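Survey of secondary and tertiary structure
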Amino acid sequence: SSSSSSSPSSPSSPSISAINSVSFKSCELSVHDSPPWLVHLSSLTLKECEISQKHLSQIVCKSSLTSLSLHRYDVIHSIPFIQSLSPSLTHLDLSKTEVGNSGVVQLINRMKHDMTSITSLNLSGCKINSDIVSFLSSCFALSLQLSSSPSSSSLSSSPFPFSHVCSLTLSHNHLGASSLFTIILDQCPLLKEFNIKNTGLKITDQFCLAIASHASLNIFRLGSNRLGLIGASQLIEQGLRHNQSISILDL
C-alpha cells in the first residue's frame, strides 16, 4: 500500500521497491544500468545478454539473490565468476554459459562447503566432458571414507556435492560414462528431476540398479542418447519397471 504523503516523482515508489524478480533478454547492460533496487532482488534472469563479467560479479556480490539464471552468457573467466556467487543461492542456471570443466570443479568445491543451499542446478551445454567424471568420483570416494570413519560426525565436512540437489540438468555435455550418473543417483536421495539428455550415456547393470532403487526420482530425461533397442530394453527391464516414483520419462 502506498502512502498519501509520497510524491508522485519519488524515485523509490512502492511498486519499484517491491520488485524481487527481474528478467532481461537480449539486452546490453552497462555499469550504468544498475539501479539501487537491483541489489535487493531475490531472482535475476539474463538470457542472451551482453554484460561485462566484472559488472555481473558486482551485481551478484552486492545482491541477496537466491535464484540466478544465465542462459547463453559468455563466461570468459569462469573461476573468478564462480567465486563471486552468493552462498545463499538455491537455484542456479548456467545453461550454455560454457563454464567448462574448470568452472564446474570450482562450483563443486563451493557446493561441498559454503554453497550448500542449491537445490536446483542446470549445467546444460556448459562444455564439460568426461574429465569431470574422475573428479566427482574422487569426491564420492572421499565422502565414503569420511562417512565410514569412526571419528566422523553424521554431517560430514566434505559431503558429496550434489547430495542436497532436487533438480539436476547435465544435458548436452559429452560425459559418456554412466558411472557418473550411477554415483549421482546413489548419492542424491532428494533428487526429483534428472536430465541427462544427449550425454553419450551407455546403459550398465549398475546404472539400472541405481534407477530401480531410487525412491524420489519423479522426472527422468535421457533422450537423444542413442540407446538402441537393446539398451532401452535393458533399461526398462532392469531399472524402470522396478521404480515406483518416476511419473515423467523421456527416452
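Refer to the structure printed above.
Here is a short report on the structure shown in this document. Predicted model only: the values in this text are computed from it and were never measured.

Before going further, it helps to spend a moment on the overall build of the chain. Helix and strand counts for the chain stand at eight helices and eleven strands. Residues counted as buried form 44% of the 251 residues belonging to the chain. Split by element, the accessible area of the chain, about 12,700 Å² in all, is 54% carbon and sulfur.

Bringing the pairing of strand 3 (residues 43-47) into the picture now. Taken across its five residues, strand 3 has four buried, putting it largely inside the fold. Looking at chain direction, strand 1 (residues 21-25) and strand 3 are connected through five bridges and run parallel. The partner of Phe 24 across the bridge, within strand 3, is Leu 46.

The next subject is helix 2 (residues 53-62). Every buried residue of helix 2 is listed here: Gln 53, His 55, Leu 56, Ser 57, Ile 59 and Val 60. As for helix 2, its buried residues are in contact with strand 2 (28-29), strand 3, strand 4 (50-51), strand 5 (67-71) and helix 3 (78-84).

The next point concerns the sheet that holds strand 5. The strand order across the open sheet built from nine strands is 1-3-5-6-7-8-9-10-11, with neighbouring strands paired in parallel fashion. Strand pairing shows two members of the sheet lacking a second neighbour, strand 1 and strand 11 (248-250), which therefore form its edges. In this sheet, adjacent strand axes meet at a mean angle of 5° when their direction is disregarded. In this sheet, strand 8 (residues 167-169) lies alongside strand 7 (residues 120-122) in parallel orientation, the contact comprising three bridges. Across the sheet, residue Ser 120 finds its bridge partner in strand 8, namely Ser 167.

Moving on, we get to the environment of Ser 42. With respect to the secondary-structure elements, Ser 42 resides in the loop between strand 2 and strand 3. With a relative accessible area of 25%, Ser 42 lands in the partly exposed category. Sequence separation between Ser 42 and Thr 66 is 24 residues, and the spatial gap between their C-alpha atoms is 5.2 Å. Once you skip the residues sitting within four places of it in the chain, Ser 42 turns out to touch Asn 20, Ser 64, Leu 65, Thr 66 and Ser 67.

Moving on, we get to the nonpolar core. A general trend in soluble globular proteins is that nonpolar side chains are found buried together. Among the nonpolar cores identified, the biggest contains 63 residues, and Leu 94, Phe 162, Ile 184, Phe 194 and Phe 207 are the most heavily contacted of them. Elements with a contribution of two residues or more to this core: strand 3, helix 2, strand 5, helix 3, helix 4 (100-111), helix 5 (131-148), helix 6 (178-187) and helix 7 (205-213). Looking at this core, the element that brings in the most residues is helix 6, giving five residues. Residues contacting Leu 94, with those up to four places away along its chain left out, are Leu 70, Phe 81, Ile 82, Val 99, Leu 107, Asn 122, Leu 123, Ser 124 and Cys 126.

What follows covers the environment of Ser 178. Mapped onto the elements of the fold, Ser 178 is located in helix 6. The class for Ser 178 is buried, based on a relative accessible area of 6%. Placed 28 residues apart in sequence, Ser 178 and Gln 206 show a C-alpha to C-alpha distance of 8.6 Å. Excluding anything up to four places from it in sequence, Ser 178 contacts Leu 201, Lys 202, Thr 204 and Phe 207. At 3.3 Å, the side chain of Ser 178 forms a polar contact with the side chain of Thr 204.

Our next topic: the packing of aromatic side chains. Across all of its chains, the model carries four aromatic pairs by this definition. An angle of 10° between the planes, with centres 6.1 Å apart, marks the rings of Phe 194 and Phe 220 as stacked. Residue Phe 194 is located in strand 9 (residues 193-195), and its partner Phe 220 is located in strand 10 (residues 219-221); the two are separated by 26 residues in the primary sequence. Following the ring pairs from residue to residue traces out a cluster consisting of Phe 181, Phe 194, Phe 207 and Phe 220.

Cut-off values and rules
Residues numbered from 1 in each chain as written. Predicted model: local features only at pLDDT ≥ 70, side-chain atom pairs only at ≥ 80, totals over all residues. Heavy atoms only, no water. Helix = DSSP H or I, 4+ residues; strand = E, 2+ residues; numbered from the N terminus. Buried < 20%, exposed > 50% of the residue type's maximum accessible area, 1.4 Å probe, protein only. Areas by Shrake-Rupley, 256 points an atom, 1.4 Å probe, with all protein chains shown as cover. Pairing = 2+ DSSP bridges. Contact = heavy atoms within 4.5 Å. Axes fitted to C-alpha atoms, helices over the stretch in contact; angles between N-to-C directions. Core = buried A, V, L, I, M, F, W, Y, C linked by side-chain atoms within 4.5 Å. Polar contact = N/O pair within 3.5 Å; in protein donor to acceptor, adjacent residues only side chain to side chain. Phe/Tyr/Trp six-rings, centres within 6.5 Å; stacked < 30°, edge-to-face > 60°.

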